[in-house]
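Chain by chain, the residues:
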Amino acid sequence: MSSAALFDRLPRFVRFLACGGFAAAVNWASRFVWSMIMPFSLAVLAAYATGMVVAFILFREFVFERGSSDTSEQVRNFVIVNNVGMAATWALAN
């Protein structure tokens, strides 16, 4: 049995925490990389966006069931919801 199949057998809440934790780690770690090529406040925004991309892919693949809407609509809704968190993160970083 593949590791993805084993992961799919975990309760949804555990998969949500694992995917969210990994995306948060990507967000945090990528901020240091982004800081090498841009000012801190922009690096915070770029890192948040990087984490959002990772989170969307992981949640779509491992946590949430496929919806009837197309991917562009799912991305739009995901970005709208996460923009609130991005604004709060950016405000606290400044």
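Residues numbered from 1 in each chain as written. Predicted model: local features only at pLDDT ≥ 70, side-chain atom pairs only at ≥ 80, totals over all residues. Heavy atoms only, no water.

(A) Looking closely at the side chain of Ser30. In this structure, Ser30 sits in helix α2 (residues 12–34). With residues up to four places along the chain from it excluded, the contact list for Ser30 reads Ala47 and Thr50. (Helix = DSSP H or I, 4+ residues; strand = E, 2+ residues; numbered from the N terminus. Contact = heavy atoms within 4.5 Å.)

(B) Spatial organisation of the packing of helix α3 (residues 40–63) against helix α4 (residues 71–93). For the pair α3 and α4, interaxial distance at closest approach is 10 Å and the crossing angle is 145 degrees. In terms of crossing hand, the pair formed by α3 and α4 is right-handed. Counted together, Phe40, Ser41, Val44, Leu45, Tyr48, Ala49, Met52, Ala55, Phe56, Phe59 and Arg60 of α3 and Thr71, Gln74, Val75, Phe78, Val79, Asn82, Gly85, Met86, Thr89, Trp90 and Ala93 of α4 form the full contact between these two elements. For the contact of α3 with α4, a count of residues per class yields 15 nonpolar, six polar and one charged. (Axes fitted to C-alpha atoms, helices over the stretch in contact; angles between N-to-C directions. Left-handed = near helix turned anticlockwise from the far one by under 90°. Nonpolar A, V, L, I, M, F, W, Y, C, P; charged D, E, K, R; others polar.)

(C) Geometry of α4. Over its 23 residues, α4 runs 31 Å from end to end, which matches the ideal 33 Å to within 8%, given 1.5 Å per residue. Largest kink in α4: about 35 degrees, centred on Asn82. Gln74, Phe78, Asn82 and Met86 are the residues of α4 that are buried. (Expected span 1.5 Å × (residues − 1). Bend = angle between axes of the 7 residues up to and from the residue. Buried < 20%, exposed > 50% of the residue type's maximum accessible area, 1.4 Å probe, protein only.)

(D) Region of interest: a nonpolar patch on the surface. Residues Phe13, Phe16, Leu17 and Phe64 make up a contiguous nonpolar surface patch of about 420 Å² in total accessible area. Inspection of the secondary structure assignment puts Phe64 in the loop between α3 and α4. Judged by its relative accessible area of 43%, Phe64 is partly exposed. (Patch = residues over 30% accessible without salt bridge, like charges linked within 9 Å, V, L, I, M, F, W, Y side chains within 5 Å. Areas by Shrake-Rupley, 256 points an atom, 1.4 Å probe, with all protein chains shown as cover. Salt bridge = Lys/Arg side-chain N within 4 Å of Asp/Glu carboxyl O.)

(E) A look at the nonpolar core. Listed in full, the 11 residues of the largest apolar core are Cys19, Ala23, Tyr48, Met52, Ala55, Phe56, Leu58, Phe59, Val63, Phe78 and Met86. Taken together, the elements giving at least two residues each to this core come down to α2, α3 and α4. Per-element accounting of this core gives the leading share, seven residues, to α3. The residues contacting Ala55, other than those within four sequence positions of it, are Ala23 and Phe78. (Core = buried A, V, L, I, M, F, W, Y, C linked by side-chain atoms within 4.5 Å.)

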